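# Residue-level structure breakdown
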Amino acid sequence: MEVLSLLAGGFLQVLAPVNLAALAAGLVLGLLVAVLPGLTLVMGVVLALPFTYTMDITPAIILLTAMYVTGTYGGALTAILFRVPGEPIDVPLLWDGYTMARQGMPAKALGWTLFAAFWGGMLAACVMVGFAEPVARLALTLSTPEYFAIIFFGLTTVVALGGGSMSNALISLCLGLLISTVGIEATYGAERFAFGVPMLTDGIEYLLVMVGAYGIGEVFTRLYYGYGSASIGRLGALRTELPGLRELATVKAALARSSIVGVLVGLVPGAGATIASFVAYGAEAQYGRRRKELGTGIPEGIVAPQAAATSSVGGAMIPLLTMGIPGSGATAIILGAFLLHGVQPGPQIFTNPEQSQMVYAVFASMFLGVLGMCLLGYFAIKALVRVLEFPEAVVSAFVVLFCFIGAFAARNNLSDLYVIAAFGVLGFLFELWRFPIAPLVLGSILGPLAETTFMTTMISFGNDWTVFFTRPVAGAVMALSVLALLVPLLRRLRRRRTIAPR
Amino acid sequence: MTGRLARAAPYALLLAVAGALYAAALRIEYIGPAERIGPDFWPRAILGLLAAVCVYEIAKSFLAAGARSTGGMLQHFLDQASAGGEGEAAPPPSFARLALAVAATLGYVLLVPVLGFFLATAAYLASFIALGGYRRWGVVAACALGGSLATVVVFMKVVYVSLPLGMGPFRLLSIGLLQALGVR
């Protein structure tokens with residue numbers, strides 16, 4: 001009951017003009033970013049960050065969260081209509097969404113994805129409202145071994161869940177963790193890997209790693225391979241046809257399954273909307289009633305990845321708000337916005353009445369945001385897909401510019417520009433050598449937290465590392481981590497055995 | 001053999017970096033009780049893991065060059081995605097274009113404190129757009145000058161970010177521009 005009254009207060013706060021304006025801006029920007037193929041959701045949120053520096057914390061977080069939610073939906077429009085996935089999240093939509101559109105039913109395909117995004121978004125908002133406070137209460141009872149185990153779990157899942165080579169992901173993660181060790185160490189105050197360079201003594205902010213590797217690195221990569229040009233021609237009678245109640249009944253199992261998958265994957269630090277989208281499609285391929293027809297343009301193949309991607313936002317926001325652990329690139333930037341406004345997310349946020357009210361305003365904005373996102377997706381679809389015609393060369397130049405401004409504005413330090421340029425080149429080399437960037441970024445974000453919790457545990461428990469395995473919660477989470485690493489290895493062994501007898 | 005060397009090269013480079021950093025980690029100075037683990041423990045553990053993975057990959061490059069790496073759980077879906085592609089013809093990659101873009105970016109970083117934000121940004125935007133292959137010069141000039149000006153207005157007047165003004169005559173030019181825009 002108290003939660004509902006806090007949520008009502010949150011709604012009243014969101015209706016304040018400044019918060020509504022931030023919400024509207026976040027929705028439009030999120031959709032634009034998601035539609036443009038050169039801009040990913042994370043890059044978009046990064047680019048919006050400097051605009052929030054002078055805002056109050058509530059509209060700042062509302063804006064970034066709205067971008068995060070809509071970023072999981074906008075790319076679906078171009079994936080379905082033009083086979084141009086705006087985000088990696090939207091790749092599974094090519095298989096059934098684009099196929100359905102080619103079968104002469106683009107309006108129907110758009111309707112299915114709109115409904116799935118609405119369902120997933122509303123579920124995400126409900127999950128945040130229902131679970132954030134209980135999880136925060138639970139988090140208050142946890143100690144450093146449990147925190148370390150949770151962070152370790154996040155680090156292992158980013159290695160185990162990704163595509164590409166696990167060795168490369170592990171190397172990328174190690175480099176990210178190493179970057180986070182540069183500068184003055186927290187426990188002893190020792191200087192590490194600074195080599196007498198003042199710029200390095202201050203340490204390397206994870207935002208710089210992120211902006212450089214994701215933003216500038218991505219632009220360099222696209223420039224290297226050559227910009228694509230999307231010609232969308234005449235759009236004609238472009239519209240969205242929502243599914244009827246009877247049609248919805250046929251996909252209820254897929255919706256339920258994928259939404260749960262989305263929330264659970266979102267909860268795992270290190271996994272995000274892209275992984276949720278792929279895993280939900282995979283679950284549908286394995287357990288769905290019409291699994292044999294998947295890929296031929298059936299609604300289940302559209303609903304599953306979209307609902308999972310949008311509902312993963314709710315799961316991802318919970319570890320951020322309740323434990324201060326960002327599980328994905330977008331939540332890491334939202335954490336950065338919290339810190340820049342002097343608020344440390346964690347269980348205490350729910351015990352402080354002022355901060356708690358702000359959190360519920362963000363929750364309320366999710367409900368309104370999902371509604372606004374669907375209205376925009378329904379009524380402004382023509383204008384949104386027209387964005388595809390922007391020349392990528394121009395968009396990319398401005399992306400790099402905003403990366404530089406974002407990095408500079410955080411500390412008003414010109415030397416940070418060198419750092420992000422260097423990470424831009426590193427990001428390109430990573431793409432070239434097929435090293436994933438996500439573990440590098442997550443390593444640099446979670447590295448300081450991982451090290452602090454590890455060192456504190458070692459000091460408190462007299463260098464006894466077995467505490468990570470003997471305490472029930474920590475032990476269970478560590479076991480999950482080991483399992484996460486073993487599953488891909490076991491799958492490979494099984495595949496070898498099935499191939500060998502032929 | 002060349003292929004194997006090329007495959008092993010990034011790992012060999014990373015192994016060398018890990019070795020050098022491990023040596024640097026051994027020299028980290030701190031004051032603390034001897035029975036406790038020090039600030040060098042964490043980076044040394046990471047560097048050890050990094051070196052081990054690099055050695056494994058280098059060995060694999062030479063001993064089992066054809067073997068596929070163990071992929072993450074998404075690998076199956078990514079394979080499916082690439083197999084389902086319609087095989088659109090992609091333009092050949094251009095290292096020269098990339099090198100010029102990196103040079104322009106480094107030049108921008110070096111010149112911003114000298115030329116000031118407005119001039120350096122306008123030049124950088126124009127060069128980056130041109131490098132991307134866009135050749136409508138009127139649009140390029142409008143984007144470069146208009147974009148740079150709009151950014152100055154938004155960040156200095158609305159978001160209150162103090163952007164670099166430059167040195168000498170460029171500083172005077174930036175100040176004149178800001179006064180004309182009503183930024184104090």
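Parameters at a glance
- Residues numbered from 1 in each chain as written.
- Chains lettered and ligands numbered in written order.
- Predicted model: local features only at pLDDT ≥ 70, side-chain atom pairs only at ≥ 80, totals over all residues.
- Heavy atoms only, no water.
- Contact = heavy atoms within 4.5 Å.
- Buried area = accessible area lost by both parts, 1.4 Å probe.
- Salt bridge = Lys/Arg side-chain N within 4 Å of Asp/Glu carboxyl O.
- Polar contact = N/O pair within 3.5 Å; in protein donor to acceptor, adjacent residues only side chain to side chain.
- Helix = DSSP H or I, 4+ residues; strand = E, 2+ residues; numbered from the N terminus.
- Nonpolar A, V, L, I, M, F, W, Y, C, P; charged D, E, K, R; others polar.
- Buried < 20%, exposed > 50% of the residue type's maximum accessible area, 1.4 Å probe, protein only.
- Expected span 1.5 Å × (residues − 1).
- Bend = angle between axes of the 7 residues up to and from the residue.
- Phe/Tyr/Trp six-rings, centres within 6.5 Å; stacked < 30°, edge-to-face > 60°.
- Axes fitted to C-alpha atoms, helices over the stretch in contact; angles between N-to-C directions.
- Left-handed = near helix turned anticlockwise from the far one by under 90°.

Attention now moves to the interface of chain A and chain B. Counting residues at the interface gives 78 residues for chain A and 82 residues for chain B. With both sides pooled, the region where chain A packs onto chain B buries about 6800 Å², and carbon together with sulfur makes up 78% of that total. Counting across the interface, chain A meets chain B through zero salt bridges. Remark: the boundary between chain A and chain B carries eight residue pairs in polar contact (both at pLDDT 80 or more). Top element by residues in the side of chain A that touches chain B is helix α19 (residues 392-411) of chain A. It accounts for 12 residues. Partitioned by chemical class, the residues of the side of chain A that touches chain B number 56 nonpolar, 14 polar and eight charged.

Let us now look at unusual backbone geometry. Residues and elements named next belong to chain A. At Arg434, a position not held by glycine, the phi torsion is positive, near 60 degrees. When you line up the elements, Arg434 lands in the loop between α20 (415-432) and α21 (437-460). Although it is not a glycine, Asn463 adopts a positive phi angle of roughly 60 degrees. Its relative accessible area of 26% is what places Asn463 among the partly exposed residues.

With that settled, the discussion passes to the pattern of salt bridges. Residues and elements named next belong to chain A. One pass over the full model with this rule turns up 13 salt bridges over all chains. A salt bridge links Glu247 to Lys108, with the shortest nitrogen-to-oxygen separation between them at 3.0 Å. Here Glu247, found in helix α12 (residues 245-250), pairs with Lys108, found in helix α7 (residues 106-140); they are 139 residues apart in sequence, far enough to count as distant. On the basis of relative accessibility, which here comes to 12%, the residue Lys108 falls in the buried class. The partner of Glu146 in a salt bridge is Arg471, with the nearest N and O atoms 2.8 Å apart. Of the two residues, Glu146 sits in helix α8 (residues 144-161) while Arg471 sits in the loop between α22 (467-470) and α23 (472-499), which places them 325 residues apart along the sequence. The partly exposed category is assigned to Arg471, whose relative accessible area is 26%. Through salt bridges with shared partners, one network takes in Lys108, Arg239, Glu241 and Glu247.

Bringing helix α11 (residues 206-225) of chain A into the picture now. All names here are of chain A. The end-to-end C-alpha separation of α11 is 27 Å, in line with the 28 Å expected for 20 residues at 1.5 Å each. Of all the bends found along α11, the most pronounced is centred on Gly217 and spans about 30 degrees. Of all 20 residues that make up α11, 18 are buried, and the element is covered over most of its length. With its phi angle positive at about 95 degrees, Gly226 sits one or two positions after the end of α11.

For any pair of aromatic rings, the description consists of the separation of the ring centres together with the inter-plane angle of the planes. Applying the stated criterion across every chain, the model contains 26 aromatic pairs over all chains. Measuring from ring centre to ring centre gives 4.8 Å for Phe148(A) and Phe468(A), while their planes differ by 45 degrees; the resulting arrangement is tilted. Of this pair, Phe148(A) sits in helix α8 while Phe468(A) sits in helix α22, placing them 320 residues apart in sequence. Pairing Phe402(A) with Phe155(B) gives two aromatic rings, centres 6.2 Å apart and planes at 45 degrees, and the pair type is tilted. Within this pair, whereas Phe402(A) is found in helix α19, its partner Phe155(B) is found in helix α6 (residues 137-158), the two belonging to separate chains. Overall, Phe155(B) belongs to the buried group, its relative accessible area being 1%.

What follows concerns the environment of Trp95(A). Of note, Trp95(A) is situated in helix α6 (residues 91-102). Taking the C-alpha atoms as reference, Trp95(A) lies 11 Å from Pro85(A); in sequence the two are 10 residues apart.

Residue and element names in this part refer to chain A. Following both chains from N to C, one finds helix α15 (residues 299-323) and helix α16 (residues 329-340) inclined at 35 degrees, their axes separated by 10 Å at the closest point. The way α15 lies across α16 gives a crossing that is right-handed. Where α15 approaches α16, its residues Ala316, Met317, Leu320 and Leu321 are matched on the opposing element by Thr331, Ile334, Leu335 and Phe338. Class assignment for the residues of the contact of α15 with α16 results in seven nonpolar, one polar and no charged.

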